[in-house]
Amino acid sequence: MLSQNHNKQFSFQLIFIMLLFLIIVIMSVMIILLGQNIYENINEDRADNYAKRVSLSYIANKVRQADKENSVRIEKSGDIQALVIKEVYDGDYYETWIYYYNNGLYELFADEDIQFNPEDGMKIMNVDSFSIERLNNKLYKFIAEYDKSNIELIINVNSNQQ
């Protein structure tokens, strides 16, 4: 009888330990899955944030590099509004056109006298919309929309005297 009682107690202890182990395993798996979801959400937010900011950072760097007198202007060609940056290389004049076309931000680098054709540009990145506004003689405002959220940049062109 004592041996039978001992076996029941042993079996109960074994079941209890196995149940505890199973609970720990299930909790560990749940924590891993939760961590994975959090990691994926953080990565998605980081990628969206990068995509939103890179277009305007690119434009800010281009404008700062070409910050010389009368080198930055806004042009309108048909329905397309573009930021035009005038540059000189080896005594020849070139223009960089940055504009919104076919759901993307495009850049075209060409001779100064070349007729602007939006199809000739190279797509920099996808954006939903892009607008340029000249606030005053030295301030330009750029707004890019990506995934239904806007990000804007206001940049001062220090040397631009007109």
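First, a word on scope: everything that follows refers to the structure included in this document.

The rules we used
Residues numbered from 1 in each chain as written. Predicted model: local features only at pLDDT ≥ 70, side-chain atom pairs only at ≥ 80, totals over all residues. Heavy atoms only, no water. Patch = residues over 30% accessible without salt bridge, like charges linked within 9 Å, V, L, I, M, F, W, Y side chains within 5 Å. Areas by Shrake-Rupley, 256 points an atom, 1.4 Å probe, with all protein chains shown as cover. Salt bridge = Lys/Arg side-chain N within 4 Å of Asp/Glu carboxyl O. Helix = DSSP H or I, 4+ residues; strand = E, 2+ residues; numbered from the N terminus. Polar contact = N/O pair within 3.5 Å; in protein donor to acceptor, adjacent residues only side chain to side chain. Contact = heavy atoms within 4.5 Å. 1 Å grid on protein atoms, 1.4 Å probe; cavity = no way out; pocket = protein on both sides within 12 Å on 5 of 7 lines; lining within 4 Å. Points joined across faces, edges and corners; volume = space filled by probe spheres on them. Pairing = 2+ DSSP bridges. Axes fitted to C-alpha atoms, helices over the stretch in contact; angles between N-to-C directions.

Attention shifts here to a nonpolar patch on the surface. Taken together, the side chains of L19, L22, I23, I26, M27 and M30 present a nonpolar region at the surface, about 570 Å² in accessible area. Secondary-structure assignment places L19 in helix α1 (residues 2-65).

In this structure, T96 sits in strand β3 (residues 92-101). Here E87 takes part through its side chain, which lies 2.6 Å from a polar atom of the side chain of T96. The residues contacting T96, other than those within four sequence positions of it, are K62, L83, V84, I85, E87, E107, L108 and F109.

One pass over the full model with this rule turns up 1 cavity of 30 Å³ or more. The calculated volume of the largest cavity comes to roughly 40 Å³. Lining the largest cavity are E95, W97, L108, A110, D111, I114, Q115 and F116. Those elements giving two or more residues to the lining of the largest cavity turn out to be β3 and β4 (104-111). Tallying contributions element by element places β4 first for the lining of the largest cavity, with 3 residues.

On to the sheet that holds β3, then. Pairing is antiparallel in the open sheet, where 5 strands are placed in the order β1-β2-β3-β4-β5. The strands lining the two open edges of the sheet, one partner per strand, are β1 (72-77) and β5 (122-126). The average undirected angle you get between the axes of adjacent strands in this sheet is 25°.

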